[in-house]
Amino acid sequence: MTDRQIMTGDEIRRAIVRISHEIVEKQAGTQGLAIVGIQRRGVPLATRIAGAIEEHEGVRLPVGALDITFYRDDLSLVAQQPIVKGTDLPFDLNGATIVLVDDVLYTGRTIRAAMDALIDFGRPRAIRLAVLIDRGHRELPIRADHVGKNVPTSREEIVQVHVAEIDGLDEVSIARRLRAPETAPAAD
Amino acid sequence: MTTVASAATGVPATGIPAAAWHHRHLIDLDVVTWPEIELIMRTTEEMKHVLARPIRKVPALNGRRVTTLFYEASTRTRVSFETAARNLSADVVSVSTATSSVTKGESLVDTIRTLEALGAEILVLRHSVSGAPYLAAEIFGGHVLNGGDGWHAHPTQALLDLYTMREHIPGGDLHGRKVAIVGDILHSRVARSNIWSLTAAGADLWLCGPATLLRGMDRWAGAWAGGAIPGHGRFNVTSDIDAALRDADVVMGLRIQRERMSSGLLPSLREYSARFQLNAERMSLAKPDAIVMHPGPMNEGVEIAPDVATSGRSVITDQVTNGVAVRMALLYLLAGSHDAAYEPAHEGAR
Amino acid sequence: MTTQGGALGLTEGGASGPSRPAGASAGPGIGDTVERFELEKAWLVDPVSGREGPGEIVVTDGVLESVVWLEGEEAKGVSDKGVIVAPGFFDLHAHFREPGFEDAETVATGAAAAAHGGYTSVALMPNTQPALDEPGVLARIRSAAAASGSPVEVLAFGAVSAGRAGEQLSAMGELADGGVLGYSDDGSPVKSAKLMRSAMLYAGMLGLPIVEHAEDLELTAGAEAHEGYVASVLGLAGWPAAGEVQAVSRDIAILTDALLDEPRARLHLTHVSTAEALELVRRAKARGLPVTCDVTPHHLAFTDEWIAGSRRWAWEALDTDGRPRDPAGRSRDPWADGALTATPYNTSLRVNPPLRTAADAAACLAALIDGTADAVATDHAPHTAVDKEVEFGRASNGISGIETALGVLLALVDAGKLPLARAIAALTTGPAGVVAAAGRTSATSAARPRGLTEGAPADLVVFDRSDRWRVASESLLSKGKNSPLLGRDIPGRVLLTIAAGRLAYEDPSACEE
C-alpha cells in the first residue's frame, strides 16, 4: 500500500480558517450557532473551527461531541467497532443552528445517523455540515455546506485523516485497500 | 452533562481497550474475558446516558425482534429485558409459560423452533433447569441471552451487580475490595455468576450461609485456591457471618425461600434470620460506607432487615436502573456480533 | 482365505474357494449358518486357556473346526495390533426396551447392535412394560429374539419384586424354571431391606444371584450429576457418592446375614462407580463373601468433566500417581487447561449412576485389573431423541453403549492402562463366571466357558485393532443414538461376529469380491 499525501498540516490549517469564515458568512454572524463534531476525529476539528471563529469574531461558540454508534444502519459493524466513544452536548439544541463537523464525507450514512441522533436531543432550527474531505460516492442525498478539499477517489482507496490531538500529526493521505470492499464502510 | 470518561468504567476515551465482541450468545460468564467485561461496562455507561436523555431511545435495534421466553415467573426481570429491548427500538414479543402451549407439554425444542419460525432473532431465556440455554443455543439460529437458568448462571445480574459496585467504589476498581454474598448460595445462579465476575475483577469474595446451603461450594473454592484458573483468583466460603461481614466494602443479600425449610435444609426462617440476617447490628461490622445490595425480590425481615434495605447505603434501586442499561448493552452487542461460538464442528460435538 | 489386516472371505453353500460370484449378494445372511470361514495370521486371544498369540482358525458348518497356534517363522509379522480373534462377548447388563418402549429399541435392533459390538450373548434387564416378573413376559422376549433372525443369544434377569414395585417377590421360581440368569429390579434398587433379605434367601435356594443396582433413593432424590466440583460450578443437583456406598454397604450386610440361613445366597452389584463402593466389594471378597460386581465402559472412560464440555479420557485427566494433577503441579481443572471443547450439559452424559471423577474412574480400572470387578457390562440404555433432546435435568438417564464398549476398552489398551487379555476376559470369562450358578445347571449356556475351543460351536468376534470407525447416527445399529462418543473415531472395527455357528454381524467393507 503506497500512501499519497493530499493535504499537509499547513493546508489543513488554512482550510479550517476558510471554513470558519464561511460558517460565519452563511449565518451572517455567530448568533445561534453551535459546532458539533462527530466522533472520533470530527471532534478536534470542531474544536479548532470554534477556536478559529473565536479568533476572528471574538465569540466563543458552544462545542459538542456526537457519537453515532447507536444510530448506525449497519449493526454488523458492532463486532469490529464495539467501543462507544460518548456524546457530550452541553447546550440546548432547541432553536440552535448546528454545524456538524466530520473529517471525511463518503456515503453520507454517518451524517444521516448524526442527524437522527441530534433530533433525539431536541429540535434544532437548522443543521449544516462542514467536512475536511469530500471523497464522493454518496449513497444518500446528503451534501456538505463547507468542504476543506474535494478529493475524487475510487472504492479501493482509503482516505486517512490524521489530527495532532489523536494521531500526533496533521495530515491527510490516500492509501490503497488490500482488497476491494463489498460495501462502503459506514465509518468513512 | 457527562464526559466520555467516568469512574464507573475507569477507562478514559483515549485508552480504549481493543476488545471486539465475538460471542453469538451470552449464557455464562465463564467464557467472557476481562477485556470483554470492560467493554460491557463501557457500553453500559453509554446506555445509561441514553436513559438520561429526554428521549430514552436509540434506533440501534430498529426492526430486530427480541423474544423473551420465561419458564419461571419473574415480572421484574422480564420487564427489565423488555424495557431494554424497547429502548433500542426493537420489536418485543413476550412468551411466558403460564399462557402458552408449553403448559400442554410442548418441549423447549419445539417452542424455540416455533418462535424462530415466527421471526425471533434474539431470545432471552429464563428457565428453571440448569443448562437449558445451551440446548436453546444448539437449535436456535439467532442469539441466546440467558435470563437465568436453574442454579447455574444469571450473567446479566452479575454484570449489573459489577457495574453498580464500580459506580460506588472510589476509583471504580474492585481489586482487593471485600465483597460478601450472604444467603442461599447453593441454589443461587446469582452467586455462581458473581463468582466468575468478581474473581475476574480481583475482589476479595466471601460466600456465607448456613452449611446446608453452602454444600459443594467449598469444593469449588478449594479447586480454585491454588490459582488454577488464569484470570480468576481464589474466594472464601464460610458459615461465620461475622468473619464474612467484617470490613466488607460490599454486602449482598440473597433471597431465602420458604421451601428450603420443607426440604429439610433449614430448621426455620426464624432461625435463619437470627443467625444470618443482614441487620443494622451486623452491618456495623462492615465498613462505614459499605454498600448493601440484593438482586430482588427481597424477603424483608428474613434475609435483610427493612431498615437496612432502605438505608442510605442501600443501592438496590440503582441495581434496577443499571439492570436496564446492562441489558441494553448486551442486546446491542449480541445483535451486532457475528461469531461461530457453539457451532458443533461435527455431529454430537456438544 | 485372508491375510492379516486384509479383507475377509466368507462363504456359504457349496463354494469352498475364496471367491464369490460377482454381482450377487453372496455369502451368508444374518442368521445363516457359516458354512466355511478361514482366517490366517491373526492374533488369537483365548481367555479360558489364558493363551494369546498368532494363530489361524477355520469354521466349518458353524463349528470352530480348527484353532492353530503359530510358532517361529510362521508367526512373524503377526502382532496384537492388527486383526484379533476373541470369543464372542457376553453383556451382563443391557436394556432392549421390549416390551413397552419399542420406540427406543426392540429385541431385534438391540441384537443387531450387540452383534455390531462383538457381543454374542446379552442379558436383559427386566424394567420393561410390563416388567419381566413372570414367565409370560420372558416368553414374549424369547419369541421376539427368535423372530429377529439374529443368532445373538438373548438371556434375561427376572425382576426381584412384582412389577419392580419393591413390595412383593416376583414369580421367582417360575422365572427360574423359565431360565432367567438371576433377579434384579434394575433401574431401581430393591427398595426395602427386608424384601432384599427375603429375595436373597429365595434366590439362593434356587441357585441364582441377586443383581443389585445399588442406590440409596433418599440421598439421590432430585440428583442430576455427581456431587463434586463440576456439579457445583454447573449448578446441578448433586448425586453424592454416599448414595452408592450406603446402598452397597446395606446389601453386603444383608448378604452376610442371609448366608447364615442360605449358603447359596449370592449378590452381584452392577455398574459400581465409586472408589469407596469398590473398596467395600474388595473387602467383602477378601472375607470370602459371594459378592461379584461389574463396571461399565463409561465409568472407566468418561468423567463428570464431560458434562462441562471436556472430551478427554478419564486417564488423561490424571497424572501417573493417580491424583488429578498435571506435570506442572497445578490441578487438571477442565476450565483451566483448555479441556472444554464441546457444548456443556450434553444429555447423552446423563446416566445412573452418574459419571464420576477421574479418581473414581481410575478406581474402576484398578478394580478391573485386580479382579475386584469381575466383568465389564455395558448397561446399554437406548433412549429416543424425544427423551434426550430436552433440558439436562429432564433427560432420561442412560447411555447407548453396547456398540462402543470394545472401542472404549481398546482405548484403554492403546493407552497402556489395561492389558488386551484382561480386556477380553472382562468381556467374556468374567461375565460367564458371574452367572455360573451355584449348583444350578440349567442356567443356560450363558455360563459355558467362553474360549476358542476346537469342536465347539463357533462363537467368536473378529476385529481389527488398527482400524478406527466413526461413531455416528448412521453407523450405530441401535435405535439409541444417545452416545457421548458421537462424532468421534474409536479404535477397533468389528469385522465379523459369529454366534452359535451363525453369522451375527459382518462389516460391509470386509466383503471380498
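K.L.:
Just checking my understanding: could you explain the overall build of chain B for this structure?
P.N.:
Looking only at helices and strands, chain B features 13 helices and nine strands. The buried share among the 350 residues of chain B stands at 52%.

K.L.:
Honestly, the overall build of chain C in this entry has me stumped. Any pointers?
P.N.:
A tally of regular secondary structure across chain C gives 15 helices and 17 strands. Of all 513 residues assigned to chain C, the portion counted as buried reaches 59%. Summarising the internal contacts of chain C: among those between residues at least 6 apart in sequence, 75% fall at separations of at least 24.

K.L.:
Would you take a moment to explain helix H2 (residues 75-87) of chain B for this structure?
P.N.:
Given 3.6 residues per turn, any residue in an α-helix points the same way as the ones three and four places further on. Residues and elements named next belong to chain B. Its 13 residues give H2 an end-to-end C-alpha distance of 18 Å, which sits within 8% of 18 Å, the value for a rise of 1.5 Å per residue. Those residues of H2 not exposed but buried are Thr77, Arg78, Ser80, Phe81, Ala84, Ala85 and Asn87. Taken together, the buried residues of H2 touch helix H1 (34-51), strand E1 (65-70), strand E2 (91-96), strand E3 (122-127), strand E4 (143-149) and helix H13 (316-335). Phi turns positive, to about 65°, at Ser89, one or two residues after H2.

K.L.:
Explain the domain arrangement of chain C here, please?
P.N.:
The parts lose accessible area when they come together, and the size of an interface is often stated as this lost area. Residue and element names in this part refer to chain C. The assigned domain composition of chain C is domain 1 (10-86 + 455-510) and domain 2 (88-447). Just the C-alpha atoms count here: the centres of domain 1 and domain 2 sit 27 Å apart. Contact residues are listed per partner, giving 34 residues for domain 1 and 45 residues for domain 2. Mapped onto the side of domain 1 that touches domain 2, the elements with two or more residues apiece are strand E15 (460-470), strand E16 (489-499) and strand E17 (502-506). At six residues, E16 tops the list of elements feeding residues into the side of domain 1 that touches domain 2. Residues belonging to the side of domain 1 that touches domain 2 are distributed by class as follows: 20 nonpolar, seven polar and seven charged.

K.L.:
Explain the sheet that holds E3 of chain B here, please?
P.N.:
Within a sheet, adjacent strands bond to each other through the backbone by hydrogen bonds, running parallel or antiparallel. Residue and element names in this part refer to chain B. Strand order in the open sheet made by the four strands is E2-E1-E3-E4, with parallel pairing throughout. The sheet terminates laterally at E2 and E4, the two strands that pair on one side only. The average angle at which neighbouring strand axes cross in this sheet is 15°, direction not considered. In this sheet, E2 lies alongside E1 in parallel orientation, the contact comprising six bridges.

K.L.:
What is the right way to read the confidence of the model for chain B from this model?
P.N.:
The predicted coordinates should not be examined in detail at positions where pLDDT is low. Residues and elements named next belong to chain B. Summarising the model, chain B shows a mean pLDDT of 87, and 89% of its residues fall at 70 or more. Every residue in residues 1-18 scores below 50 in pLDDT, and together they form 37 contacts with partners more than four places removed in sequence or on other chains. Confidence drops under a pLDDT of 50 for residues 339-350, and excluding neighbours within four residues, the segment shows 25 contacts in the predicted structure.

K.L.:
Looking at this structure, I do not really get the sheet that holds strand E9 (residues 291-293) of chain B. What am I missing?
P.N.:
All names here are of chain B. Taken in spatial order, the five strands make up an open sheet running E7-E6-E5-E8-E9, and their pairing is parallel. Looking at the sheet topology across the chains shown, the edges are occupied by strand E7 (236-238) and E9. On average, each strand axis in the sheet is inclined to that of its neighbour by 20°, with strand direction left out of account. Both strand E5 (residues 178-182) and strand E8 (residues 250-253) contribute to a ladder of four bridges, which runs parallel. Within the sheet, the bridge partner assigned to Ala180 lies in E8 and is Val251. Of the strands in this sheet, E5 and strand E6 (204-208) are in contact with helix H6 (residues 189-200), which crosses E6 at around 165°.

K.L.:
Honestly, the domain arrangement of chain B in this entry has me stumped. Any pointers?
P.N.:
Residues and elements named next belong to chain B. Segmentation of chain B into domains returns domain 1 (19-154 + 322-335) and domain 2 (156-320). Domain 1 puts 21 residues into the contact, and the matching count from domain 2 is 23 residues. Within the residue set of the side of domain 1 that touches domain 2, elements represented by two or more residues are H1, E4 and H13. Of the residues contributing to the side of domain 1 that touches domain 2, the split by class is nine nonpolar, eight polar and four charged.

K.L.:
What is the right way to read the interface of chain C and chain B from this model?
P.N.:
With 30 residues of chain C at the interface, the matching set in chain B holds 33 residues. The dominant element in the side of chain C that touches chain B, judged by the number of residues it contributes, is helix H6 (residues 229-234) of chain C, at five residues. For the side of chain C that touches chain B, the residue count by class is 14 nonpolar, 10 polar and six charged.

K.L.:
Would you take a moment to explain helix H14 (residues 420-427) of chain C for this structure?
P.N.:
Among the eight residues in H14 of chain C, six count as buried, and that is most of the element. Here H14 of chain C has its buried residues at Leu420, Ala423, Ile424, Ala425, Ala426 and Leu427 of chain C.

K.L.:
What exactly am I supposed to notice about the environment of Leu89 of chain A here?
P.N.:
Position of Leu89 of chain A relative to the elements: it lies in the loop between strand E3 (63-66) and strand E4 (97-105). C-alpha of Leu89 of chain A to C-alpha of Arg60 of chain A: the two residues are 29 residues apart in sequence and 15 Å apart in space.

K.L.:
Would you mind showing me how to read the nonpolar core here?
P.N.:
Side chains of a nonpolar character, in soluble globular proteins, are inclined to be buried together. Counting 314 residues, the largest nonpolar core has Leu123, Ala180, Val251 and Leu331 of chain B together with Val85 and Tyr183 of chain C as the members making the most contacts within it. Element by element, the count of residues in this core is highest for H13 of chain B, at 11 residues. Beyond its immediate stretch of four places on either side in the chain, Leu123 of chain B contacts Thr67, Leu69, Ile112, Leu115, Ala136, Phe140, Gly142, His143, Val144 and Leu145 of chain B.

K.L.:
I'm lost on unusual backbone geometry in this one. Help?
P.N.:
Residue Arg40 of chain A is reached from Gln39 of chain A by a cis peptide bond, and omega for that bond is 20°. Along the chain, Asn352 of chain C connects to Pro353 of chain C via a cis peptide bond; the corresponding omega equals 0°. By the element assignment, Pro353 of chain C lies in the loop between helix H10 (305-308) and helix H11 (358-370).

K.L.:
When you look at the environment of Val462 of chain C in this model, what are you seeing that I'm missing?
P.N.:
All names here are of chain C. With respect to the helices, strands and loops of the structure, Val462 is situated in strand E15. Residue classification places Val462 among the buried positions, given that 25 C-beta atoms sit within 10 Å. Taking the C-alpha atoms as reference points, Val462 and Val230, 232 residues apart in sequence, are found 39 Å from one another. Setting aside anything within four residues of it in sequence, one finds Val462 in contact with Leu39, Val83, Val85, Leu495 and Leu496.

K.L.:
In this structure, what is going on with the packing of helix H3 (residues 108-117) of chain B against helix H4 (residues 132-139) of chain B? I would like to understand it.
P.N.:
Packed helices, taken two at a time, are described by their axes: the angle between them and the distance between them. Residues and elements named next belong to chain B. With their axes 10 Å apart at the nearest point, H3 and H4 run at an angle of 45° to one another. With respect to H4, the element H3 is oriented oblique. Seen along the crossing, H3 lies across H4 with a hand that is right-handed. Mapping the contact onto sequence places Leu108, Val109, Ile112 and Arg113 in H3 and Ala132, Leu135, Ala136 and Ile139 in H4. Taken together, the residues of the contact of H3 with H4 sort by class into seven nonpolar, no polar and one charged.

K.L.:
For this particular structure, what's the right way to read the packing of H2 of chain B against H13 of chain B?
P.N.:
All names here are of chain B. One can describe the packing of H2 onto H13 by two numbers: an axis separation of 8 Å at closest approach and a directional angle of 55°. Taken together, H2 and H13 sit at an angle that is classed as oblique. The handedness of the crossing between H2 and H13 is right-handed. Only Gly323, Val324, Arg327, Met328 and Leu331 of H13 make contact with H2, whose side of the interface consists of Ser80, Phe81, Thr83, Ala84, Ala85 and Asn87.

K.L.:
Any chance you could explain the environment of Val79 of chain B here in plain terms?
P.N.:
Residue and element names in this part refer to chain B. Tracing the chain through its elements places Val79 in helix H2. A count of 15 C-beta atoms within 10 Å places Val79 in the partly exposed class. Sequence separation of Val79 and Leu186 is 107 residues, and the distance between their C-alpha atoms is 26 Å.

K.L.:
How should I be thinking about the pairing of E15 of chain C in this particular structure?
P.N.:
Each regular strand carries side chains that alternate between the two faces of the sheet. Residue and element names in this part refer to chain C. Two elements, strand E5 (residues 83-87) and E15, share five bridges in a ladder whose sense is antiparallel. By the bridge assignment, Pro87 is partnered in E15 with Leu460. As defined by bridge partners, E15 adjoins E16 across eight bridges and the pair is classed as antiparallel. By the bridge assignment for E16, Asp464 is matched with Arg493.

Reading the values: the criteria
- Residues numbered from 1 in each chain as written.
- Chains lettered and ligands numbered in written order.
- Predicted model: local features only at pLDDT ≥ 70, side-chain atom pairs only at ≥ 80, totals over all residues.
- Helix = DSSP H or I, 4+ residues; strand = E, 2+ residues; numbered from the N terminus.
- Buried ≥ 20, exposed ≤ 12 C-beta atoms within 10 Å, placed from the backbone.
- Contact = placed C-beta atoms within 7 Å.
- Expected span 1.5 Å × (residues − 1).
- Domains from an automatic or database assignment.
- Nonpolar A, V, L, I, M, F, W, Y, C, P; charged D, E, K, R; others polar.
- Pairing = 2+ DSSP bridges.
- Axes fitted to C-alpha atoms, helices over the stretch in contact; angles between N-to-C directions.
- pLDDT = per-residue confidence, 0-100.
- Core = buried A, V, L, I, M, F, W, Y, C linked by C-beta atoms within 7 Å.
- Parallel < 35°, antiparallel > 145°, perpendicular 65-115°, else oblique.
- Left-handed = near helix turned anticlockwise from the far one by under 90°.

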